[in-house]
Each structure stands twice: as structure tokens, then as C-alpha cells.
Amino acid sequence: MKKLIKNNVHWVGKNDWELRQFHGYEYSTDRGSTYNSYLIKEEKNVLIDTVYQPFSSEFIANLATEIDLKKIDFIIANHAEPDHSGALPELMDIIPNTPIYCTQNALKSLKGHYHKDWNLKTIKTGDKLPIGNGKELVFIQAPMLHWPDSMFCYLTGDNILFSNDAFGQHFCSELLFNDLVDQHELFSEAIKYYANILTPFSRKVTTKINEIIGLNLPVDYICPSHGVIWRENPLQIVTKYAEWANNYQEHQITVIYDTMYNGTRSIAENIVKGINIEDNSINVKLYNAATNDKNEILTEIFKSKAILIGSPTVNNGIMYSIAGLAELVKGLKFKNKKAASFGCYGWHDVATKTIESMLREAGFEILSEPLSCKWEPDEEFIKKCIEFGKQFVVNLIEC
Ligand code: FEO
């Protein structure tokens, strides 16, 4: 079903209410997602992006009710990741000669994914494609936001920025526009998306935002490839991105642990107590990594000034949930954050040192020596945990 955005611009994508995991099992999508595809019907008919392959037939059948597919003059592939290019093979079987406009890197990734000899036309920033009625599409390369092949395009006359993944959210809604949905849900998904996907590319986000602002283009709509369209005050999400890209922090500390017999949990809870005693204005949050959603935890780390991670020593190493989380943390390249480690052990303390070294490798500044407890914490050790939490805050303020 198409939905009108403005004048001759329509949404023709797919709402995936059922989606619960994305990028394999790397990203939880509790509110589903959407694959946004856009159809512009001016003197020339243009299709911007498609949908994920499992919805290919449905997408093409719907599209065929909106336009004779053979009358599509141009296809724009803003990004070759399969959630946006997945319907191209089936579509190109029907309209094999239709030109697909994309970046040079997208040419490589489209060929790499599909091994087809499509009519690919490469563009560079500033290139323009007239589509009739005085309107044109202006292309803006956006490498590493979040793939080398990513690009935006801008529709003159209607003042619409098609930003692909940037400014998107894994958030399914039939309401289509930002002003119609629950704002808490929208911004929870927008920051989760930024934290989990765009954090490593923050410097490029800043550069790209400055470049777009420098173009001085009027922007009435920002149409991302996932989630709702920014219609009311569309630049509010650009302002948020500028803030998130600039070593974003809230007045927050996040404590994360895994535990076998609740010893490491007890340390975590008493560290939280100490943090609270020292400064109860800090929003301190506590997560068991084994029982909480990893992407929610990563979003909380993104929002934090500092984190503490704990695990008991097991098999001369650390627990599985903490090891997995540490790998994700390393990849996201958080900046300007502080950390420390803690945990229980029986006969050989390995976990706290392992976590500390993982945190250093991930770019965190270590504020305190690891807090290790042989066997279970007793009353004396509990006091030590509280003091550790208090001192961690003092160290954080001082540094
Ligand atoms: Fe939504 Fe990078 O694909």
C-alpha cells in the first residue's frame, strides 16, 4: 500500500511488525522495523531503494498496483545492504535495463551481493539527475554512514532528503510521520539505533552534518530507510545526531555483571550503593548481562560517563555474556568513557584482569584497580564494595 508523503512522492515500503532481530542476531528490534522505499512520479518515475528479500514478491506486487513497472525510469540505490537492495534481483528480472544510480562503492557491493550485470550508473557528490517539472535529485555521498557505499539524495522543489540508514530507527508504525507517534518510543529507538550502529562513525557523522548544513538546502522532510519520516521540525534529528556524535554523555554510570552464585551480583549491588551514597544525583543503572538485552545495555553504555563490568572467574576466563558484550563494546569504539572491573574468584583471579584489559583495548580509561573477592563476599568485603563505589565517583569527578 502506498502512502502519500508530499505532492508526487509516496512511501511504497514494507512494515515488518514481526521483526525481533536484525543483522542476524546482532540487533534486537522489539518494536519491529520498516524497509522504506519511495516512489517519485514526476515526468520521470523514480524508485528510491527497495526492501529486504523475503518481502520482495509482496513489494513488487504492491508496486505494480501503483505504477506500470516498465514506466520506472530510474532506480536509486542509496545503499547496497540487503535490507534495502533485496528486492532488486526480482525487480530487475522484470525491468532489466532500467538504470540504477549508486556510488562507485555500491557498484562493487551490489555486484558482490548479487553477481548481476545490471545497468549501474555511478554518481558522486553534487551530481544531479533531472526528473522533470523543474525538479532534480542531488546526490550526496555518505561513506561509512554506515557502509562505504552509503549515500543520500535530495529532491529539489519538494525539499526532501532521502537519508537511507542515517536518522532511521528500527521502529514499526503505520503512522508514517514523526509527529504522529509516541515521542518516547521514537527517541528510544533513534538513540538505540545511533548507539548500536553509528557510534563508530561519529566523526564522519559530524563532518557530514556540517557539510549538509553548509549546502544551505531547505529541508521539509527527512526520509530515512527505517522507521518514521521526520516531517515536524525535521532537523531536530540532525541536531540530536550532532549531539550524539560529539562524545555524548549523560550524568550516568552503568554497572554490568554476570554471576554464578550471586557473589559478583552482590559486589555489583554494593558498588551501586556506594555510588549512590557519594552522589545520589548520578543515574546509576545495574544490568545482568546474561538476562538483559545486549543492545539496551550498549545504549546505556553510550549514555554513560563511566561503566563498571564484573564477572566471576570461570575456566580461567570470564563468563560468556560478558565476553560477548566486551566484543561489541570494542567494535563500537566509544570515546571519552571511564571504567573499572570487579568479580569473584575461587582459586585463581583471572576475570577482573581480563575485563580490565578488554576495557583498555576498547579505549576506556581505567579509574580504579580491579575489585576482586576470593569466594563469596563477607560483611567486611561488602563494606569494601561500598567504599569502592564511593571512591570510583571521586576518581570520576577528579579526572
Ligand atoms: Fe538498513 Fe545498512 O541497512
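The model shown is predicted, which means the values in this text are computed figures rather than measured ones.

Student: Can you walk me through the overall build of the chain in this structure?
Tutor: If you tally the helices and strands in the chain, you get 12 helices and 22 strands. Dimensions of the chain, computed from the C-alpha atoms along their principal axes, are close to 80 × 40 × 35 Å. Here the chain, with 399 residues, has 59% of them falling under the buried criterion. When contacts within the chain are restricted to residue pairs at least 6 apart in sequence, those whose partners lie at least 24 apart make up 71%. A total of about 16800 Å² of accessible surface is found on the chain, and carbon and sulfur atoms cover 50% of it.

Student: How should the environment of Cys-102 be read in this particular structure?
Tutor: Residue position: Cys-102 is located in strand β10 (residues 100-102). Of the residues examined, Cys-102 reaches a relative accessible area of 0% and is grouped as buried. In the structure, Cys-102 is positioned 27 residues away from Ile-75 in sequence and 8.8 Å away in space, judged by C-alpha atoms. Apart from the residues within four sequence positions on either side, Cys-102 is in contact with Ala-77, Leu-107, Leu-110, Leu-120, Lys-121, Thr-122, Ile-123 and Met-151.

Student: Even after reading the chapter, I still don't get the pattern of salt bridges, so can you show me in this structure?
Tutor: In total, this model carries 23 salt bridges according to the counting rule given. In this structure, Glu-58 engages Lys-14 in a salt bridge whose closest nitrogen and oxygen atoms are separated by 2.8 Å. With Glu-58 in helix α1 (residues 56-66) and Lys-14 in strand β3 (residues 14-16), the pair connects residues that are 44 residues apart, well separated along the chain. The class for Glu-58 is partly exposed, based on a relative accessible area of 36%.

Student: How should I be thinking about the packing of helix α5 (residues 183-198) against helix α9 (residues 294-303) in this particular structure?
Tutor: Pairs of packed helices are described in terms of their axes, by the angle between the two and the distance that separates them. Following both chains from N to C, one finds α5 and α9 inclined at 85°, their axes separated by 9 Å at the closest point. The angle between α5 and α9 falls in the class roughly perpendicular. Contact with α5, carried on its side by Ile-191, Lys-192, Tyr-194, Ala-195 and Asn-196, involves Asn-295, Glu-296, Leu-298, Thr-299, Phe-302 and Lys-303 of α9 and no other residues of that element.

Student: Help me understand helix α6 (residues 202-215), please; the structure alone is not making it clear to me.
Tutor: Note: α-helices contain 3.6 residues per turn, so residues at a spacing of three or four share the same orientation. Along its 14 residues, α6 runs 20 Å from first to last C-alpha, staying within 8% of the 20 Å computed at 1.5 Å per residue. On the buried face of α6, the contacting elements are β13 (135-141), β14 (151-155), α5 and α7 (236-245). Count one or two residues on from α6 and you reach Asn-216, which has phi positive near 55°.

Student: Before we go on, may I ask you to explain the pairing of strand β20 (residues 338-345) in this structure?
Tutor: With respect to burial, β20 is a largely interior element, eight of its eight residues being buried. Burial along β20 is two-sided: the face carrying Lys-338, Ala-340, Phe-342 and Cys-344 and the face carrying Ala-339, Ser-341, Gly-343 and Tyr-345 are both buried. Note that strand β19 (residues 306-310) and β20 share five bridges and pair parallel. Bridge pairing links Leu-308 to Ala-340 in β20. Viewed along the sheet, the connection from β19 through helix α10 (residues 320-332) into β20 turns out right-handed. Here two bridges tie β20 to strand β21 (residues 365-366), and the two strands are oriented parallel to one another. Looking across to β21, one finds that Ala-339 is bridged to Ile-366. The handedness of the β20 to β21 crossover, carried by helix α11 (residues 351-361), is right-handed. Here β20 pairs with strand β22 (residues 371-374) via four bridges, running parallel. From the neighbouring strand, Gly-343 faces β22, where its bridge partner is Ser-372.

Student: What am I meant to see in the packing of aromatic side chains here?
Tutor: Where two aromatic rings form a pair, the distance of their centres and the angle of their planes describe that pair. The final tally for this structure, using the stated rule, is 18 aromatic pairs. Summarising the aromatic geometry, the rings of Tyr-194 and Trp-244 are spaced 5.8 Å apart at their centres and angled 55° between planes, so their arrangement reads as tilted. Remark: Trp-244 occurs in helix α7 and Tyr-194 occurs in helix α5; sequence separation between them is 50 residues. Residue Trp-244 is classed as buried on the basis of its relative accessible area of 3%. An aromatic cluster of three or more residues is present, and its members are Phe-152, Phe-167, Tyr-194, Tyr-241, Trp-244, Tyr-248 and Phe-302. Over the face of the ring belonging to Trp-11 we find Lys-3, whose NZ or CZ atom lies 5.5 Å from the ring centre. If you follow Arg-231 out to its NZ or CZ, it ends over the ring of Phe-177, 4.0 Å from the centre.

Student: Please explain the sheet that holds β10 as it appears in this structure.
Tutor: Note on sheets: strands pair through backbone hydrogen bonds, and any given pair is parallel or antiparallel. What the seven strands build is an open sheet, ordered β1-β2-β7-β8-β9-β10-β11; its pairing is mixed. Edge positions in the sheet fall to β1 (3-6) and β11 (120-122), since each of these pairs with one other strand and no more. Averaged over all adjacent pairs, the angle separating strand axes in this sheet is 25°, with direction ignored. Sheet topology places strand β2 (residues 9-11) next to strand β7 (residues 38-41); three bridges connect them, and they run antiparallel. Counterpart to His-10 in the pairing with β7 is Leu-39. Docked against the sheet, helix α4 (residues 104-114) engages β10 and β11, running at close to 155° with respect to β11.

The rules we used
Residues numbered from 1 in each chain as written. Predicted model: local features only at pLDDT ≥ 70, side-chain atom pairs only at ≥ 80, totals over all residues. Heavy atoms only, no water. Helix = DSSP H or I, 4+ residues; strand = E, 2+ residues; numbered from the N terminus. Buried < 20%, exposed > 50% of the residue type's maximum accessible area, 1.4 Å probe, protein only. Contact = heavy atoms within 4.5 Å. Areas by Shrake-Rupley, 256 points an atom, 1.4 Å probe, with all protein chains shown as cover. Salt bridge = Lys/Arg side-chain N within 4 Å of Asp/Glu carboxyl O. Axes fitted to C-alpha atoms, helices over the stretch in contact; angles between N-to-C directions. Parallel < 35°, antiparallel > 145°, perpendicular 65-115°, else oblique. Expected span 1.5 Å × (residues − 1). Pairing = 2+ DSSP bridges. Right-handed = clockwise from strand over helix to strand, strands pointing away. Phe/Tyr/Trp six-rings, centres within 6.5 Å; stacked < 30°, edge-to-face > 60°. Lys NZ or Arg CZ within 6 Å of the ring centre and 35° of its normal.

Everything listed here is a matter of geometry and, on its own, says nothing about what the molecule does.
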